[in-house]
Structure formats: structure tokens, C-alpha cells
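Each chain, written out:
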Amino acid sequence: MTVLSLLSLPLVALLLSFCSSTVVASSDYHENLLLHPLPQSALLASFNFRSNTSQESFDQQHFRYLPRALGQILQHAQTKELHLRFTTGRWDAESWGPRPWNGSKEGGTGVELWAWIDAPNDDEAFAKWITLTQSLSGLFCASLNFVDSTRTTRPVVSFEPFGDHSEVDQLHLLHGTLPGEVVCTENLTPFLKLLPCKGKAGISSLLDGHKLFDAAWQSMSVDIQPVCSPEGDCVVQIEQTVDMVLDIDRSKRSRSNPIPRPVPNDELVCDTSKPYHSGDTCYPLGKTNDKAWSLGQVFGRNLDGICPLADTEGSHEESVCLQVPHERGVYISQGAQEIKKDDGFTRCFKLAPSTPFDLSIPQQTVNVEVPLDEPVLHAERTIVGNGQERGGMRIIFSNPSNASAVDFIYFETLPWFLRPYIHTLRATITGRDGVSRELPASKIVKETYYRPAIDRERGTQLELSLSVPAASTVTLTYDFEKAILRYTEYPPDANRGFNVAPAVIRIVDNVHHAPIYIRSTSLLLQLPVPDFSMPYNVIILTSTVIALAFGTIFNILIRRVVSLDQASALGATTLKGRIVSKVVAIQDRFRGKATKVE
Amino acid sequence: MALKSAIRNLRSNPHLLFVRLPKLLSLLCIVVGVAWLLLLPLNEYSRRTYISENALLPGQVHAYFTGSEQNIFRGYKKELQAILNDETKDKSEVTAGVSDKVQSIFEEAGLKFARQNYEYNSAGNTHEGENSYAIIHAPRGDATEAIVLVAPWLTADDKLNLNGVTLALTLARYFKRWSLWSKDIIFLITPDSKTGTQAWIDAYHDMHPASVQPLPLKSGALQGALVIEYPLEHRFQTLHIVYDGVNGQLPNLDLFNTAVSIAGGQMGIGANLQEMWNHDDSYEHRLQTMVRGMTKQGLGYATGAHSSFMPYHIDAITLQTKGEGWEDEMALGRTIESLCRSLNNLLEHLHQSFFFYLLMQSNRFVSIGTYLPSAMLLAGNFTIMAIALWMRTGYYPESKPVQSKGEKASAEKAKTSNIAERKLALPLSLVVGLHLLGLVPLWVFNNISHQYFTTITYVVLGVDIILPLSLAAILSNGLGLSKPLIPQQYHLIKSFSLLLLGLSLSTLATLNFSLSFIIGLLCTPLSFMARLQGPAPARLATSGLGLILLNLLSPPTVLLGVCWYTNVSVETVLTEAAFGWDVWGMWTQVVVWCVWWPAWLIGGVLLGSSIF
């Protein structure tokens, strides 16, 4: 055996080298960082890590860039395509414009997971889905194991696979969300461990939990999908992204002094043109985009060269890109190379291997601004009404375009304890003139996919195909009823209410064919909550006291202490027995309290 | 044994059981009820306040709002002053200019800004205005929860709240820098303290009337609200905390306690309540504080911009600066910063501690379990009387109790005459009819223009004199339409009326204790109203005197009397009441016109019937 394995080792090595030489084109790793300063001194940092593994080596469990932990989970759960999102905060579309990656790399607040699972029927697909969520829960330190049947939906039109799948597979799409999950460093660490350079080198060395989770908005994503070339060569692609919007002012604060204390008087930036401006009166100037910052200040670390595993040849050599006008000066570390692009706003940097890289932008007034596109659609969802019994949902879609209507799919999953009345679905349309008209919902809603909830088994699934005309705002409203939960169904810890998962909007863009995704904020549903603390304490305490006291006293009151022969007489049912028992009773009475305690 | 014989005695003497005993019991209830209330300020019956919600941690954080923030405060204030004092512009231009300035300040600080126009019509007056508000998005939040900071341009006393608004603007810029907020913070600038917050909060929950615009910008569930009032142009001495809401609803006691603890403990600013500036913690002062609180609660009007939040179960208080001392706007700012930090800590909606309480000192209170019996006893006195009368009409013959000719005869007589048929139709329809009649003044007082209010009050006063007498005349003589009423029917009328009164007041006591107590106290004579019997001159004299005294306790007379005593015009009070009905959803009038007034009318009818 030993001899055999020893003999076979060179063979394996040879085979491996042979394999790698043929698959090298499809097994590669790229990483890229895009920095985009946004208005109001915000900075969007978009990290992207992508690697490919050939389908054969994936099937043979030969993992190079694809993490083994994840690969085995996928194989075990028969998952062909996986999308996992961790998101916190809100994307402020009003100030920051359209979302990075057109929203396709972000999820709703909390954790969102959807996957295409290969299974012969729905039940088996669900069983595999549970396996998948349980395993991912362990891998990412997230409460994904709480994605049970009530939080799982099977969207019909809202998601389409990104990858190329073979016709043979019977794919089932399952989608689950955890809107209340708090994304934090314990999710970042396993996320970084999946990367080939594990956050030690390359752009991932910038990712520091302190800064990432101080961001105004951040989203982490993992996408795994099979990608096939027209010739039929398939690779399994894993793409991980981290997008975050940092507040430059806040990020620049040192970790030793993070408190935003009032600045000393002489450091105030005042409008000196005001007539009242003096040593003790100051009208502050607004935030400007020309603030100075550097990578080291904003991320709290330096970029440690490039990841040696990254594919440095070809077109993906520039791993850091920055979007500022070309006239703005940028200082970079020695050894790095700056490449300006033709669009006038983008410049990329070619980093020197194993040399720390820093990038710094001095304060400079620039007349040109990087143009921000207008988002295609604004959506806002809120709960209206008050009281413990009923409420209403209000969803506002506004189309900023003056020319064209927007067609999109609106997908929402509601927990079972929120019972919508779909017949109350109403639409109001408001034009630019501010006049609102009510119209039948069917004028706006073209198609409806509705799967009602079953108490304690599954939630409501609602998919609407909508169209919002140009330059108008459509408000959809419907009423709902709040269910009363059983007392064990309330979470045991302090709670502010129940989270309702964000709605997902998929805009079908006929021009680019790539869908745009928008997610609303999550909602807080306040259910009628009994005041567990006080009455429960009182009830439990008094019941205990009464049970103890009553039991003892009742026992003393009714128990008659008799000798053994008397007891048999008392139990007798014959005439003689009854007479004897009466005698015993009379004896008891005369003897008084010695034997019978009253 | 003694008790047994007393009960036996009672059973054998129906007069004692049905006539004397209920009166005694009623009187006892009234006396004990009032005495109970008077006992509450004593140390043995009241408790020291404490923070029940541990998450609040009041005063545990350092407040950093000092230093150069004051320069910015002065800058903003100068900027607003320049617009407000611009003589060349008319009022609407000034309002628009101020609103634009507020918008530019908020937007420069990086907040989302929106406006809302509203208009209310009440008693012939039009109230219109424009709310401006801005939202700090919690840096890592998801728009599920929010805290509101309100700075009205006019305080509850209609004074210009320039410092308050400027402080809100400065705080907005300061708060924006912090990343620790778990909830959104909404800064709401309203034109006044009466209408602005109401319009805004109604629209926030989509419950607004058509004359109020919907809100273009929203956040999540509101967890608490603070109103800043600093109308002074000098440094202040103490903070006055106003907490009464519409219809006597109160904010969670934890919020009040947090404010007191932060103002007094952390900042060293004294906290007062109910305009008691020199509270020496004596019995008199405690009682006075409590009675002032009860008056406000009983009247149920909005005492400040915070009151409108209460119906939506959002706890809110107003912080008013009072007196002349050495605390400046930065101290108020730090107090608010610390309060916001405490509210920011909340994991749940404020639900612990108390929502029903009477405060008698900033750190002493009585909870509902202790004070409720007093109003319940007052309400109970009517119910006791009503039940006794009902039993009496069924069992007890109306003739004078027969002097015993021998026990057997009396027992036999009792057996035969103990059962009496009740004639219910007329008493029931009269009581129901008079209660429905209460809707007429309710409608009139809430729908006519304010200049007629004084006249209408006198008209109602006149109606109060004539209506009981004419009803009594009709009922006593029948006017040929029906037979004159028999004594049993008078008892039934009284029984139904008192039953309704007792029922309404005891229910009301759990919702608005003070209102129930006040109405109960004013109605106490009604328990003892009855058709008098006896020789004509004495009867006429007594009933006439009784009617005069009863008229002194009628709703319009009480209103006029209170107005005369407090030196407020009747028109002002009624305009405010109509405004409360139209805008705040105030229910006090319903209680007055549909509970108190009908009961009072029936008392008058009973007494008046003695004349005929």
C-alpha cells in the first residue's frame, strides 16, 4: 500500500500539472477596488474578488481559488447557483445616485440568500435548502439557520439565474431573508477567509472591521454560478464583493479619539463674509467634495501590495481605480503606476508587488464634478395607520424620467402574522402637477403572483408586475391585519417589534438587458405584545404562593388522622362498617384537636 | 353575632334597607373618595420615582455639546434674526424666508429636508401653517425607528421660540457627526405649538384630514419625542417639564423620570412641573401640584406641542426654560443630547413603568392602583343609589312603612305587598331621550362660529332653568296626554340616570381619572335628589332653594364661574374646546354634554317635580 502510494505520487503530480496546463485559462483570480467620492464627503469603495474553477476540478473536489468549505457545501446541497448578501444601512439614492453594480450585488437589510437547487421535487429541494442554510449559517456565523419555511419563498419572476445551467437539471429557486440580522465583524472574518489572499495582501488587506462597520452603508455579497463559454467549457465562478459608503470625516478620526467633540474655535470653517462673523460667532460652511483624504486615513491601514495569486497579466492588471476628475491631483506611493482613462474621470493604478501602496488626495477646489446618473426609479415602503389590530402598507414609486415609463417587478414577502387584504390594493397616481387621481389597481398592475400565507407555516408571497408612467408617482396601498401570537412565539429577549423583509424591485431594462435591482428598507411591525414582565411575574408569584399555601392548608383541613384499624372501618361500605365509621367520627369529635386538626 | 342581628334587623325593616342605608352608603363613598384623594400626597401613600427601564441609563454618558458649537449657535441665531427683523418684508415673506433658511441650514448639515402645509378650520377660525422637518438617517440604521425633536416657532404661551429653533438647528448639525445613533432623528420645526405637530403626526400615520398635506419623507416607528422651548433672551434657571397629553393621556413615567434625572442629576439644572416654582415638598405643595395636574388632565386639552404625540402611543414631553439664572442654551442642548442618547439606547418601545400616575413633585408619584379607588368610590356612590332604587321600586311599597301591629301582620303584609310591577317605558324613554338631547349642545358648541359662544352659553343657562321645570310640570300633570307619574316612576327615572352616570364615570376613571373625579364630585348632589313630599309651603320653599343651588352646579354655570374665577373669557375657553374637538380629538365635551348634562337635567326634573 505504502509502496503503491509512493509510486503513484509522481504520477498524481504529473497529472495535476497536466490538468492545470489545460485549465489554466479558466482558473484564474482577479481583484479590483473602485473608489468613487460621492457628494457630502462620502466615499464609495467597491471591492470585487472574482475567481474561476473549471467544472471538472470542481466536480473532482479539486479546489484552488474556490474555497473548499463553500464548494463542499454546494455539492452536498446540490446547489448550482448561490447568492448570499449581507447588508446594513440605507443607500441614499437622492445624494449618491444609482446603486453600485445596478443593485445586483446587494441585498436587503440583514441577510438575504437565494439559490437554485437541483432536486427532483419541491420537498427534496426544500430539504436541501435547509441543509444549505444550516451549513452556511455555520460557515458565515450568521443566523441563517432561522430561514425556515415561514421565511422561504419561491419567487416566480423576480429572479433569474445569472449562470448558464444545463437543461438536465431540475432547478428550484428558493429565497430567504433575515431582515433583523445584524451584520458585523463575525460575518466579515469568514468572508475574508474565503478569499485566496485571506485579507493579508492585495486590496482585501484594506478591509478592517472597524471601518467597514462604521460605514453609512455596506453590502457584502457572495455569488457562485456556473459560466459556460459558447464552446461548452464550463467554469464555476465565485465572485465576492464588498461595497461600502464611508463618511470621509468620520473615517478620518483616529481610533484613539473617535468622539466627534466640538472642534477648537480656531479650527471652525466659517463663512467669513457674514457681517456678524467674529471670534465667537460663526456661520459654518457646508461640506465640500474637495476635502483631503488618503487610503491610509480612510481605511485605517495601508494596502499591502498585490495579492500574488491574482492574475497580473492581461487586462486586469489595474487593481485600484479612482473616479475623480483628471484635473485633481493624486499622490501615490512609489512603484505604482497611474493610468488615466479617456472618460476624464477614471484613473487606475498598477501596483508594485509586495510594496505597500497608499493614495492621497490633497485638498483642491475642482470645478468639474463626476456626473451622477439619475436613478431609474425611487421606491419607498412604509407602514401607515396606528393601533394594535390593523395597519396599512404604503408603497411609493416615483419615476423621475420625463420620457419613458418604467416596467418592473415588485416582490415582497410578508411574515404570516401580517395578513394583507389584497382586495384593498389601491393605486393613486400623481403627476408633476401634484394632482393625484385614484385609479383601479389593474391599470398599474399588469400581473399578480400571489401566494397567501398559512399560519405558522409559510409567509405571504406577492409579486406584482407594474408599470409607472413617465414623470409620475404611483402610490400603492393595502390594508393588513396583525395576528395575535401565542405567548411562546414572542422572542424571549427585548424586542422593538417584528422585522418585515425589504421588498425587492427588479427593473427590466430593455436597453442593457441586465436587470436593475432596488431594495426598500425593512419595516418594523409592532404586534400587540402583552406586558410580559409585570403581569407574568405577578401571576406566577401569586400562583406559586397560593398553590403552596392552599395545598398545605387544604391538606391539614381535610385530612383525618386515624389509626390503621379505624381506617379500614372508615373505608367499609357495609352497614356495620358505616356504623363503625360513624362511631369513629363521633370519637374524633369528642377527642377534639388531638387527632383532627381544624 | 352582632353582625347577624344587624342584618336580620335590616331585613325586617325595609325602610332602613331601601331608603336610609343607600343614602348613608353613598355619602360614605363620597366622603371616603374625597378623603382618599387628600391622603395621596402623604409619604405613606405616594412613592419615590425610579427608572424602570434599565436600557435608558439616564445621565450615564458624557454630553459633549459645548465649546465651538456655541459659536455656530450664535451664527445660526444671527442668521434667523436678520430675516425675522427685516422690516421691509411683510409677514408671509418673512415666513417663507425663514423656512428657506432653515432648509438651507439643514441641507448643508447633510439632512434630508421636507415641508408640509396644513390648514385647519375650527369655530370660524382658520389655522394654517407650514411644517419643516429634516431627518438624520441613523448611520447604520434601516429606517425602522426614530426619535423626534420638535422646536415650535411659537411656544405654548405664544412667545417666539428663537433660541429653541436655533438650538434644534445646531443640534442637528452636531448630531449628524455622531455614528452611534441606532434610530433616525427627526427635527421638526412647527409654526406653533397647537396645530403643527398635530398635522405632522397625523400625516405621519396617514390619518390626516384632506386639508393637511401628506408627508413626502418618512422614517420608521416613532419611539419618543422631545419639545424644546427656550423663548427667553437671557440665561435660565430651571427646566419646566410639561407632560400632559390630549384627553389626559400621559407619557411613560420613565421618560419624565429620565428628563428629571438628567436635568437634575447630570446637568445640575432643577426640574419643575405644573408651574410650581417654589416646591418645598410640603403636604400643601404636593397637593397643589397634584390638583393642578388633575385639572389639566381633566380638561384634556393639549398643553404643548408634545400633547399631539400621545394619542399615537408616542411618549413625549416638553422642556421649557424658566426663570433667570445662569444656565445657557448649551446646558439645554446638553440635556437634550443626553436625553436623546438615553432614548437611543432603548431596545423596545417604552413600556415599563407607568402610563397612569399622578405626580406631586418631580420625584414623587402615585400610581393608578393607589389613586383609582377615590374616583371609583365617587362613581360607585351613584351605582349604589341606582341599584338601591331599582330594588326599592320592585320590592318596597311606596307607602310609609306600616307601624307594626304585631309581627305576624306585618310579615304577612310584607309578603303580599313586596312585589310591585315596574312601569319602565316612560322612565326609560325619558332618560334615553335626555341623553340624546345632549348631542344638541355638543353639536352646537363644536360647529358654530366663535363669536356666538358667549350668547349660546347664556342660552343653555336659560334652558337649564326652564327645561327641568317644564319637564317636571308635564310629567307631574300629564297634560292630559298620559296619567301623572306615580312615585315609582320617579324612582326609576333616577335609578336609570344614576346607573348610567355611575357606569360612565367608573369606565372613564380608568381612562381619564381626573375628569371622572371632577365630574363625579360635581354630580354628587344628584345622588340625593328626589321628589320631595310634605306640606306645600315647606316643600315649595325647599325645592325652590334646592333648584337654585342645583343650578349653581349646572355645566354652563360651572363654566361661567370658573371663567370668572380664572379671569378668562368664556369665548376663549369654548373656542379652545371646539378647536380641541376639531383638531386634537378631545373628548371632554362628550363627557360634559352626554354624561354630566343629562344626569344634571334629570336631577333638576326630580327636584322640580316637587313644586307641581
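Given the structure is predicted, the values throughout are model-derived calculations rather than measurements.

Quick notes on the rules
Residues numbered from 1 in each chain as written. Chains lettered and ligands numbered in written order. Predicted model: local features only at pLDDT ≥ 70, side-chain atom pairs only at ≥ 80, totals over all residues. Helix = DSSP H or I, 4+ residues; strand = E, 2+ residues; numbered from the N terminus. Buried ≥ 20, exposed ≤ 12 C-beta atoms within 10 Å, placed from the backbone. Contact = placed C-beta atoms within 7 Å. Core = buried A, V, L, I, M, F, W, Y, C linked by C-beta atoms within 7 Å. Nonpolar A, V, L, I, M, F, W, Y, C, P; charged D, E, K, R; others polar. Domains from an automatic or database assignment. Pairing = 2+ DSSP bridges. Axes fitted to C-alpha atoms, helices over the stretch in contact; angles between N-to-C directions. Expected span 1.5 Å × (residues − 1). Bend = angle between axes of the 7 residues up to and from the residue. UniProt positions renumbered as here; feature names shortened; annotations may be inferred. Parallel < 35°, antiparallel > 145°, perpendicular 65-115°, else oblique. Left-handed = near helix turned anticlockwise from the far one by under 90°.

Caption draft 1: Region of the structure containing the overall build of chain A. Along its length, chain A carries 13 helices and 28 strands. Burial analysis of chain A (598 residues in total) assigns 36% to the buried set. Counting contacts in chain A only where the partners sit at least 6 residues apart, residues at least 24 apart contribute 71% of the total.

Caption draft 2: Focus on the overall build of chain B. The secondary structure content of chain B amounts to 20 helices and 11 strands. Seen along its three principal axes, the alpha-carbon backbone of chain B occupies a region of about 100 × 55 × 40 Å. In chain B, buried positions account for 50% of the 612 residues. A separation of at least 24 residues holds for 81% of the contacts in chain B among residues at least 6 apart in sequence.

Caption draft 3: Quick look at the nonpolar core. Of all hydrophobic cores here, the largest spans 198 residues; its most connected members are B:L149, B:A168, B:A172, B:I241 and B:A259. With 14 residues, helix α20 (residues 588-608) of chain B is the largest single contributor of residues to this core. Excluding residues within four positions of it along the chain, B:I241 makes contact with B:F256, B:A259, B:V260, B:A271, B:L273, B:I317 and B:L319. With 81 residues, the next largest nonpolar core counts A:L44, A:L84, A:F140 and A:F349 among its residues.

Caption draft 4: Structural view of the interface of chain A and chain B. Listed per partner, the contact involves 41 residues of chain A and 36 residues of chain B. Counting only elements with at least two residues in the side of chain A that touches chain B, the list comes to β3 (79-89), β17 (378-384), β18 (390-398) and β28 (523-525) of chain A. The class makeup of the residues in the side of chain A that touches chain B is 15 nonpolar, 17 polar and 9 charged.

Caption draft 5: Structural detail: the domain arrangement of chain A. All names here are of chain A. Entries for chain A in the domain assignment read domain 1 (22-361), domain 2 (378-530) and domain 3 (534-594). Here the C-alpha centre of domain 2 lies 28 Å away from the C-alpha centre of domain 1. On the domain 2 side, the residues contacting the 21 residues of domain 1 number 27 residues. Residue composition of the side of domain 1 that touches domain 2, by class: 5 nonpolar, 13 polar and 3 charged.

Caption draft 6: Expanded view of the sheet that holds strand β20 (residues 418-430) of chain A. Residue and element names in this part refer to chain A. Taken in spatial order, the 5 strands line up as β17-β18-β24-β20-β21 in an open sheet, and their pairing is antiparallel. On the outer flanks of this sheet lie β17 and β21 (436-439), each paired with one strand and no other. Strand after strand, the sheet turns through a mean of 25 degrees between neighbouring axes, direction not considered. Bridge count between β18 and strand β24 (residues 473-482): 9 bridges; the pairing is antiparallel. When the bridges of β24 are listed, I396 appears paired with T475.

Caption draft 7: Looking closely at unusual backbone geometry. Positive phi values are uncommon outside glycine, yet A:S41 reaches one of about 50 degrees. By the element assignment, A:S41 lies in the loop between β1 (29-38) and β2 (42-54). Phi is positive for B:Q274, which is not a glycine, with a value near 50 degrees. For B:Q274, a count of 24 C-beta atoms within 10 Å corresponds to the buried category.

Caption draft 8: Highlighting the pairing of strand β7 (residues 217-228) of chain A. All names here are of chain A. Bridge analysis of β3 against β7 gives 8 bridges, and the strand direction is antiparallel. Opposite L82, over in β7, you have I224 as the bridge partner. For β7 and strand β8 (residues 234-247), the ladder comprises 12 bridges, and the chain directions are antiparallel. In the strand pairing of β8, D223 is matched with E239. Connecting β7 to the next strand, β8, in antiparallel fashion are 5 residues, including G232 with a positive phi near 105 degrees.

Caption draft 9: Examining the sheet that holds strand β16 (residues 359-361) of chain A more closely. Judged by pairing direction, the sheet is antiparallel, and its 3 strands sit side by side in the order β9-β16-β12 (chain A) without closing on themselves. Sheet topology places β9 (293-294) and β12 (331-332) of chain A at the edges, where each strand pairs with a single neighbour.

Caption draft 10: Region of interest: the domain arrangement of chain B. Residues and elements named next belong to chain B. For chain B, the assigned domains read domain 1 (50-277 + 300-345) and domain 2 (423-608). A C-alpha centroid distance of 42 Å is found between domain 1 and domain 2. On the domain 2 side, the residues contacting the 15 residues of domain 1 number 17 residues. Residues of the side of domain 1 that touches domain 2, tallied by class, amount to 6 nonpolar, 9 polar and no charged.

Caption draft 11: Helix α2 (residues 14-39) of chain B, seen in detail. Residues and elements named next belong to chain B. In this model α2 runs 36 Å from its N-terminal to its C-terminal C-alpha over 26 residues, within 8% of the 38 Å that 1.5 Å per residue would give. Of all bends in α2, the biggest is about 40 degrees, found at R20, and the proline P22 comes one to four residues later. When we look at burial in α2, the residues that qualify are F18, P22, S26, C29, I30, G33 and L37.

Caption draft 12: Layout of helix α15 (residues 487-511) of chain B. Between the first and last C-alpha of α15(B) there are 36 Å, a value that for 25 residues agrees with the 36 Å anticipated at 1.5 Å per step. Summarising burial for α15(B): 19 of the 25 residues are buried, a large majority.

Caption draft 13: Geometry of the UniProt feature "transmembrane region" (unreviewed entry) in chain B. All names here are of chain B. Here, the residues flagged by UniProt with the feature "transmembrane region" (unreviewed entry) are residues 21-42, 371-391, 424-444, 456-479, 544-567 and 587-607. When the span residues 21-42 is considered, its composition is 86% helix and 0% strand, and the gap between its end C-alpha atoms is 32 Å. Within residues 587-607, the helical portion is 95% and the strand portion 0%, while the C-alpha atoms at the span's ends are 30 Å from each other.

Caption draft 14: Just the pairing of strand β3 (residues 125-136) of chain B, in detail. Bridge count between strand β2 (residues 112-122) of chain B and β3(B): 11 bridges; the pairing is antiparallel. Paired with B:N121 across the bridge in β3(B) is B:T126.

Caption draft 15: Examining the packing of α15(B) against helix α16 (residues 513-523) of chain B more closely. All names here are of chain B. Here α15 crosses α16 at 150 degrees, and the two axes come no closer than 7 Å. On the basis of their axis angle, the class for α15 and α16 is roughly antiparallel. Residues L501, L505, L508 and A509 of α15 touch α16, and the partners they reach there are F513, L515, S516, I519, G520 and C523. Along the lines of polarity and charge, the residues of the contact of α15 with α16 split into 8 nonpolar, 2 polar and no charged.

Caption draft 16: Main features of the environment of B:V432. Mapped onto the fold, B:V432 is located in helix α12 (residues 425-437). In the structure, B:V432 is positioned 197 residues away from B:R235 in sequence and 58 Å away in space, judged by C-alpha atoms.

Caption draft 17: Geometry of the packing of helix α7 (residues 253-266) of chain B against helix α9 (residues 329-345) of chain B. Residues and elements named next belong to chain B. As a packed pair, α7 and α9 sit with axes 10 Å apart at the nearest point and diverge in direction by 135 degrees. Classified by the interaxial angle, the pair formed by α7 and α9 is oblique. The hand of the α7/α9 crossing is right-handed. Every residue of α9 that contacts α7 at T258, A259, I262, A263 and Q266 is listed here: T335, S338, L339 and S342. Taken together, the residues of the contact of α7 with α9 break down into 4 nonpolar, 5 polar and no charged.

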